[in-house]
Amino acid sequence: MNKSELKPAVVFEQFAKINEIPRPSKHEEKMIEYLKSWGESHHLETLVDETGNVIIRKPATKGMENCKTVILQSHMDMVCDKLVDVDFDFDKDAIKTYIDGEWLTAEGTTLGADDGIGCAIELAILDSNDIEHGPLECVFTRDEETGLSGAEGMKPGFMTGDYLINLDSEDEGEIFVSCAGGRNTMAKFAMKREQPSPTLFFMRAQLKGLVGGHSGDDINKKRANAIKILGRFLYQEWKRYDGVQLAQFHSGKLHNAIPRDGSFVIGVPNNVKENVKADWNVFAAQVEDEFHVTDTEMVWTMESTDAEPVIESSVAKNFIMALQAVDNGVYAICQDEALGGMVETSSNIASVHTDENEITILSSQRSNVMSNLDNMCATIVATFELAGAKAWSSDGYPAWKMRADSKLTEIVTETYKELFGKNPTVRGIHAGLECGLFSERYPSLDMVSFGPTLRFVHTPDERLHIPTVQMVWNHLLLVLKRIPQK
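None of the values given here were measured: they were computed from a predicted structure.

Draft legend 1. Here's a closer look at the overall build of the protein. Regarding its fold elements, the protein presents 11 helices and 25 strands. Its C-alpha atoms give the protein a radius of gyration of 24 Å, within 12% of the compact-globule value 23 Å for 486 residues. Judged by the C-alpha coordinates and their principal axes, the protein covers about 85 × 45 × 45 Å. Considering the protein as a whole, with its 486 residues, one finds that 58% of them fall into the buried category. Nonlocal contacts in the protein, meaning residues at least 24 apart in sequence, comprise 80% of its contacts between residues at least 6 apart. For the protein, the computed accessible surface area is about 20,000 Å², with 48% contributed by carbon and sulfur atoms. Put simply, the protein has 48 plus and 74 minus side-chain charges, and the middle of one group is 1 Å from the middle of the other.

Written out as structure tokens, the structure reads:
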């Protein structure tokens, strides 16, 4: 298969154009201008709100003017991550894609199908003249990936539709009707630097090659977290030998990604340096065995490096103990049987970075039960406060609760069965969707979320399953034909 054979062509043509436009979270200005110009050039009503969200309205096709209005919604920003040895500027460069069997992926970077493929589907429908549909509102929100601030800033009345189809899901055949709420928790250790003892031998250790993934959708897949693994080794060595000093710790980039690589610099007494190297090799083998199913390509290195100022011992000790103690992963499973054993509450330690006089930790917590979200955040805050850090949680975003009487869910389910001869899976998702915020501002809005299959989102291994784009396209067009009258 080559790119000219991708189906539906109208969708993949739009996706290719989108991937030429830099659109990192919080820097979507070029994408906003592209969408605004695109809508106006097609003589469609196009508005940009104060936050930067874009809406393009398209009138109904003949005979469907009295149907209820459908909102199609996706987010324009993308997670920007790349392999450590890839030279790429997300503020300037176009994403380079290639086909790998039935999958579309990118050359050493995130693909941007989350949620560029949703944007492409919307634009393809707006561009069509042979699709039957009622009144349409195509909405493109900004900054979904770093806090849903686009949806957060959208004022009531910007959207006027009756039904909303969110195109930001990642498993074809699954219809999502609920999502988790989320908050971020930050911790900061203030510290001083000290000149190291001349008897210390300095080592730089690095771990890379982990699978990583989305901190919501992949948190139950038991994948390795680079921060927790590196912190675990430091705790082991600190307990084992006197005089171990920490100089640097760096891992992770984004609050919503499981960290896939990291490094630290330590100084150890000369008389135990060979022991520490041996410990690293033994530890690597043990961890590889623990994650032999999920993370099969770990790369471990440890080498000597130049001496440098170290973090004061008391702070380093508390920081290492906090990394060992802090909760990470699944905390609770949903008790509601209708949600099929979905993760209810979780936490992800997402990034740790040291600078001259501060250690900064970023983590994200998610839950479908808001009181348990508060509890999870309090647990993380308490852990770091006990270690002497300043810690606090953001306001976050709400959960989207399942609607028992959803007419849209009924339509989407029936049309799927008609097309494919089987029932879709109707369930909730542990990731955050903008539907949670929409449900607060538009309480009468009937919503579902579905989309083509994506894998390894928020990582340079992100890939889009090509056949499922055609399936979602066919399904969406049939749904639009079946929307009832007002």
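Draft legend 2. Quick peek at the sheet that holds strand E4 (residues 97-100). If you trace the four strands from one edge of the open sheet to the other, you get E4-E5-E25-E24, paired in antiparallel fashion. The open sheet has two edge strands with one neighbour each: E4 and strand E24 (454-455). Here strand E5 (residues 103-106) runs beside strand E25 (residues 463-465); their pairing, made up of three bridges, is antiparallel. For tryptophan 103, the partnering residue across the bridge sits in E25 and is histidine 465. Helix H11 (residues 466-481) rests against E4, E5 and E25 of the sheet, and its axis sits at about 55° to E25.

Draft legend 3. Main features of the pattern of salt bridges. Applying the stated rule across the entire model yields 25 salt bridges. Of the charged contacts, one joins glutamate 50 and lysine 155 as a salt bridge, the two residues approaching to 3.1 Å between their closest N and O atoms. Separated by 105 residues along the polypeptide, glutamate 50 in the loop between strand E1 (45-48) and strand E2 (54-58) and lysine 155 in the loop between helix H4 (149-153) and strand E7 (163-166) bring together distant segments of the chain. For glutamate 50, a relative accessible area of 73% corresponds to the exposed category. A salt bridge links arginine 223 to aspartate 218, with the shortest nitrogen-to-oxygen separation between them at 3.3 Å. One salt-bridge network, held together by shared partners, links Glu28, Glu29 and Arg142.

Draft legend 4. Main features of unusual backbone geometry. Each neighbour pair has its own omega, and for lysine 7 with proline 8 the value is -5°, a cis peptide bond. Inspection of the secondary structure puts proline 8 in the segment before helix H1 (9-18). The backbone phi angle of lysine 26 is positive, close to 75°, even though this residue is not glycine. The topology assignment puts lysine 26 in the loop between H1 and helix H2 (29-41). With relative accessibility at 45%, the residue lysine 26 sits in the partly exposed group. Positive phi, normally seen in glycine, also occurs at aspartate 143, with a value near 55°. With respect to the element layout, aspartate 143 can be found in the loop between strand E6 (136-141) and H4. Here aspartate 143 falls in the buried class, since its relative accessible area comes to 3%.

Quick notes on the rules
Residues numbered from 1 in each chain as written. Predicted model: local features only at pLDDT ≥ 70, side-chain atom pairs only at ≥ 80, totals over all residues. Heavy atoms only, no water. Helix = DSSP H or I, 4+ residues; strand = E, 2+ residues; numbered from the N terminus. Rg over C-alpha atoms; globule rule 2.2 N^0.38 Å. Buried < 20%, exposed > 50% of the residue type's maximum accessible area, 1.4 Å probe, protein only. Contact = heavy atoms within 4.5 Å. Areas by Shrake-Rupley, 256 points an atom, 1.4 Å probe, with all protein chains shown as cover. Lys, Arg positive; Asp, Glu negative; His and termini not counted. Charge placed at Lys NZ, Arg CZ, Asp CG, Glu CD. Pairing = 2+ DSSP bridges. Axes fitted to C-alpha atoms, helices over the stretch in contact; angles between N-to-C directions. Salt bridge = Lys/Arg side-chain N within 4 Å of Asp/Glu carboxyl O.

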